[in-house]
Amino acid sequence: MQERQIFVLKKLLKRRKRGFLLRELASVSRILDVCGQKADERPEYCNILCEALQICRLPFLKEKTSDELHYAEDVKRLLSRLGYLMRVSAGEVRRHVVESVKSYYSCSPPGKAPLDGPQPTSPGYRLQLLERSDLAKTLFLSLAALGKQPAVKLLLLQTLQMLSSTSDMNCALMLSVRGAESVCLRMNEADPTGLILFHSSEILWNLLERGDKSEVAAQLGSLECAISLKEAFTRVALNASRHADLQVRNDLLVLTTLFAENSCALLIESLFAKQLVGLSTFPELKNGNPFAVELKLTYNMEDLQMKKLLLNLLVVMSGDPASLQIFREEQVILALLTLAKAPAEPSEAKPGSRHWSSVQLEELQLQALAVLSTVAPLVLDHYMSCYGNVALLDLLDWCASPDAFSGQGHSFHATGGRGSKKAHMRYCVRLLRSVTSLAHKTLNQDLCDQGTIHILLGLLMQMESNPGEEDSITVEMKSDMQIILAALCEGDMHKKELFGAEGVEMTIHFLRRGAGMFYSGLGHNKLLLSTMVCLRTCIVGCYTTEDWFLARDGVLILLDLLSSSPKCVHGVVLATLLELCDNQNTIPHILRWSDSAGRMAPSLLLRVWRREEEELGVARNQHGGISDPRQPVLAPRKLADADLMSTLDTQSAAVLEMRENPMSKIYLIFCRIGFQDLPGLSVRDRVTLSIIKRYLDFKVSEVWDEISRELSLEGVRPVTPDLETLRAARQISQRTAEAVAAEQEEVLRQYNEEACKEERLIYQEMKSHWKQRQLTAKSWSSFVSKTSNYDILKEIKLEREKHVESIRTGPADRHPQEVFIGRLKVAADGVNLTVSQTPVTAAAHQEALLAWRQPHYFL
């Protein structure tokens, strides 16, 4: 029967030389399964399997277009069955299985299909179904059974590399059977060709790119994998002679970096970390490391990539405190400072020595500075022992010098530095910022002794002299320099004096720029905030610098900034103004400020207060007064937040709110400048000012209310004296709010009365003007009647003669009749009104005199 079965199978396979039909695949799967079970006992079945697998390389055939969808499950089962055939011990069968799967990814086009009969399926049909089968998982599991068949194993690794490089689903299937760990542990098996290590590293790289990175890291996170990576890296680094070997070496470094991100302790335990840290200091330091001595650098692009990966590995390893001791032992800081120093002149280079090119050295210098920004603050003692401050200031001086160095700007860290030293200065300043931010007294004092304050001030004003070159990198450097100055001068009066008039001029210059470019996207928002930090730490607190700042109208500039800046800056500006108010000379400057619309500083502060109340949602009436005496300054949503915070172990919500919003700062500023006789206040301002005056009392009552609500939520009843105290506090708060509301009503009443009085006076002036117009019209009418009617003119002449005669014969002290017409004069403030009287001679008398002087009217 077995011979008959073999004969029938051969006959069947001979008829299907063009490929299997889709409707036959279910039967083909069963046949392959049966043959696989008998292949180990009867070698004849191995030949059948090899022939069948040879046909499986060809595209499947479909009789109808719908066959692809109808028989999809059969195709998946067949592909899965191919993987199960790897359990057959015959190497030829395994080879055909792997080659069959590998052929699915062949780029060679299929032969020309016949015009009639079954047609081949689409090229991507089989690959789509392969992803949905468990073929990739089965092939990965079969790696363990190929120890004695290196050729098949190498072919299988090539196929797995193809599977992992083209499909995310295949990578997920491989990771489901711990594929990353399996490949890592087997990549050091004996292989004279070195291809096993190459394909293993490629598979791991594909799993990283297309699979779950966290899952890959978890599978590699074992001591065995660390040792395997170490052995593989050492072997390929010392024996690398081809370009492919150098790429494998760098790929292993990438995998090691991923390993260090998750399991740096295991890297240290395997001594791999010490080896890599020592290698990162080569060739800058000749420390006798045997591994570095045997390593031969050719200074090509692959060696440059390895050096950059090693420097990046230092940053990753610095997250583990255990690695810091290795950094000290291997003198990492010294190597980085040596690498980051200013480039030597061509005449200083040793003749005949091999070294990095200028472009390569620029990339390494910038990356070394970036690494130092992370590592140096962690090993500050080692940094100071290597005279890091001296090296940095020398580099900063070189960056500011006008020599002919021209950066290439090819690397990531050289962004924006092409044709200049801007990139070097950027990372040098960033490194200075990272070490000064630690507030290490000895280090900061050393920097000040070397003149860092004046150097940075000079650089800032030098950069400001070229405003056309301002970009995001330049703005970042300015901001970092100001933060360095703030860190150096904070809390030290002598250093603030060193900041001096030059520093005040710098601060004034940046404050005058205002907040016009706050949302430009170039970092001007950070620059403005760093300027405010510099002001508070370098100027405020020293009377000498404060007086210089006041003499340069610094307070007026701050108030201009408060009126034009966005809300997020108000808190910083108000806090700075409040600290400056400790100097008594500040108050007159605040009171004499006014904007273009004539608004004074108190009115500006009150406007900021009202905006904050609107954002908080505090209830106010139409005039800005208190509408709810029970909650004079508390918003409803803040009340809900207070209830939530009362259940947590946090500070009082009322106290925290005073820290966050600017209302408390405005209250304290008014406490310094006073609440009485403030210039330029409107009635709404005076209403708001009455609330600010009792702000502290209202906040105290809020704390009492929070205590009461918290006790109520916890179900605690205070003892009777405490309960009476809580009630009394609540009543006092409500009476205070009612008194403030009454004061506001009085302010409004006085304003209304003054407005009515002013309105009456204005109407009286209008009435007086109308009366004067009537008299003028009457005089003109009389004049017209005299000139148009001769009889009237004769009568007037007689009356005038009688009148003149009576004057001649009458008393000597008699004067012409005068009429007084009232005229209102309104003062500039619109409140004080005075009435003046102007004598007006009788119109008839004036007309008579005029007619007497002009006889032509009688013609």
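The shown structure was predicted, so the numbers you read here are calculated from the model rather than taken from an experiment. (Residues numbered from 1 in each chain as written. Predicted model: local features only at pLDDT ≥ 70, side-chain atom pairs only at ≥ 80, totals over all residues. Heavy atoms only, no water.)

Topic: the overall build of the protein
Secondary structure summary: the protein contains 42 helices and 4 strands in total. Residues classed as buried in the protein amount to 46% of the 859 residues present. For the protein, long-range pairs separated by at least 24 residues make up 75% of all intrachain contacts whose partners lie at least 6 apart in sequence. A total of about 43,600 Å² of accessible surface is found on the protein, and carbon and sulfur atoms cover 54% of it. (Helix = DSSP H or I, 4+ residues; strand = E, 2+ residues; numbered from the N terminus. Buried < 20%, exposed > 50% of the residue type's maximum accessible area, 1.4 Å probe, protein only. Contact = heavy atoms within 4.5 Å. Areas by Shrake-Rupley, 256 points an atom, 1.4 Å probe, with all protein chains shown as cover.)

A few points about the environment of Tyr71
Among the structural elements, Tyr71 can be located in the loop between helix H4 (67-70) and helix H5 (72-84). Given the relative accessible area of 18%, Tyr71 is considered buried. Between the C-alpha atom of Tyr71 and that of Leu22, which follows or precedes it by 49 residues, the distance is 6.2 Å.

Some points on the nonpolar core
Grouped together as the largest cluster of nonpolar side chains are 220 residues, with contacts concentrated most on Leu252, Leu485, Phe499 and Phe670. Residue contacts for Phe499: discarding those within four places in its chain leaves Ile453, Leu457, Leu485, Cys489, Val504, Met506, Thr507, Cys534, Cys538 and Ile539. (Core = buried A, V, L, I, M, F, W, Y, C linked by side-chain atoms within 4.5 Å.)

Here we look at the packing of helix H39 (residues 695-713) against helix H40 (residues 720-788)
For the pair H39 and H40, interaxial distance at closest approach is 10 Å and the crossing angle is 145°. Regarding H39 and H40, the two cross each other, and that crossing is left-handed. The residues of H40 that touch H39, namely those facing Phe698, Ser701, Trp704, Asp705, Ile707, Ser708 and Leu711, are Thr725, Leu726, Ala729, Arg730, Ser733, Thr736, Ala737 and Val740. (Axes fitted to C-alpha atoms, helices over the stretch in contact; angles between N-to-C directions. Left-handed = near helix turned anticlockwise from the far one by under 90°.)

Comments concerning the side chain of Asn170
Relative to the helices and strands, Asn170 resides in helix H10 (residues 168-176). Look past the residues within four positions of Asn170 in its chain and what remains in contact with it is Tyr105, Leu130, Glu131, Ala136 and Leu163.

As for a nonpolar patch on the surface
Residues Leu696, Val700, Trp704 and Ile707 make up a contiguous nonpolar surface patch of roughly 320 Å² in combined accessible area. By the secondary structure assignment, Trp704 is in helix H39. (Patch = residues over 30% accessible without salt bridge, like charges linked within 9 Å, V, L, I, M, F, W, Y side chains within 5 Å. Salt bridge = Lys/Arg side-chain N within 4 Å of Asp/Glu carboxyl O.)

Some words on the environment of Arg592
Examined against the element boundaries, Arg592 turns out to sit in the loop between helix H33 (586-591) and helix H34 (601-616). In the structure, Arg592 is positioned 36 residues away from Leu556 in sequence and 8.5 Å away in space, judged by C-alpha atoms. For Arg592, the contacting residues outside a window of four places in its chain are Asp553 and Leu556.

Digging into the packing of aromatic side chains
Applying the stated criterion across every chain, the model contains 6 aromatic pairs. Relative to Tyr695, the ring of Tyr667 lies with its centre 5.7 Å away and its plane at 50°, an arrangement referred to as tilted. With Tyr667 in helix H37 (residues 663-673) and Tyr695 in helix H39, this residue pair connects regions lying 28 residues apart in the sequence. Its relative accessible area of 1% is what places Tyr695 among the buried residues. With a centroid separation of 6.0 Å and 20° between ring planes, the pair formed by Phe670 and Phe675 is classed as stacked. The same class applies to Phe670 as to Phe675, namely buried. Grouped by ring-pair contacts, the aromatic residues Trp609, Tyr667 and Tyr695 constitute a single cluster. If you follow Lys421 out to its NZ or CZ, it ends over the ring of Trp398, 4.6 Å from the centre. (Phe/Tyr/Trp six-rings, centres within 6.5 Å; stacked < 30°, edge-to-face > 60°. Lys NZ or Arg CZ within 6 Å of the ring centre and 35° of its normal.)

Observations regarding the pattern of salt bridges
Applying the stated criterion across every chain yields a total of 41 salt bridges. As a salt-bridge pair, Asp33 and Arg81 come within 3.6 Å of each other at their nearest N and O atoms. Residue Asp33 is found in helix H2 (residues 25-38), and its partner Arg81 is found in helix H5; the two are separated by 48 residues along the sequence. Here Glu284 ties to Lys307 by a salt bridge, and the two come within 2.7 Å at their closest N and O atoms. Of this pair, Glu284 sits in the loop between helix H16 (272-280) and helix H17 (290-294) while Lys307 sits in helix H18 (residues 301-317), and the two are 23 residues apart along the sequence. By relative accessible area, which is 3% here, Lys307 ends up buried.

Comments concerning helix H38 (residues 683-693)
Of all 11 residues making up H38, 8 are buried, and the element is well covered by its neighbours. Within the span of H38, buried status applies to Val683, Asp685, Val687, Thr688, Leu689, Ser690, Ile691 and Ile692. Residues of H38 that are buried in the fold lie against H34, H37, H39 and H40.

Some thoughts on helix H20 (residues 332-340)
Most of H20 is tucked away, with 7 of its 9 residues classed as buried. Buried residues of H20: Val332, Ile333, Ala335, Leu336, Leu337, Leu339 and Ala340, and no others. Looking at the packing, one finds that the buried side of H20 touches H16, H18, helix H19 (322-329), helix H21 (358-375), helix H22 (380-385) and helix H23 (388-400).

What to know about the environment of Ser103
Tracing the backbone through its elements, the reader meets Ser103 in helix H6 (residues 91-103). Assessed through its relative accessible area of 23%, Ser103 is described here as partly exposed. For the pair Ser103 and Leu58, spaced 45 residues apart in sequence, the C-alpha separation works out to 8.6 Å.

Overview of the packing of helix H11 (residues 179-186) against helix H12 (residues 195-210)
Between H11 and H12, whose axes approach to 9 Å, the crossing angle comes to 160°. Here H11 is positioned roughly antiparallel relative to H12, judged by the angle of their axes. Crossing handedness for the pair H11 and H12: left-handed. Touching Gly179, Ala180, Val183, Cys184 and Arg186 of H11 are Ile196, Ser200, Ile203, Leu204 and Leu207, all from H12. Per-class residue counts for the contact of H11 with H12 are 7 nonpolar, 2 polar and 1 charged. (Parallel < 35°, antiparallel > 145°, perpendicular 65-115°, else oblique. Nonpolar A, V, L, I, M, F, W, Y, C, P; charged D, E, K, R; others polar.)

So, the side chain of Asn250
The residue Asn250 is located in helix H15 (residues 243-269) in this model. Asn250 gets classed as buried once you look at its relative accessible area, which sits at 4%. Not counting residues within four places of it along the chain, the set of residues in contact with Asn250 comprises Glu302, Gln305, Met306 and Leu309.

Re unusual backbone geometry
Along the chain, Phe282 connects to Pro283 via a cis peptide bond; the corresponding omega equals 5°. Take Pro283: it is sitting in the loop between H16 and H17. In this structure, Asp677 takes a positive phi of about 55° despite not being glycine. Structurally, Asp677 is set in the loop between H37 and H38. Residue class for Asp677 comes out exposed when judged on its relative accessible area of 76%.

Concerning the confidence of the model for the protein
Per-chain confidence: the protein averages 84 in pLDDT, with 88% of residues scoring 70 or above. Confidence drops under a pLDDT of 50 for residues 813-859, and excluding neighbours within four residues, the segment shows 61 contacts in the predicted structure. (pLDDT = per-residue confidence, 0-100.)

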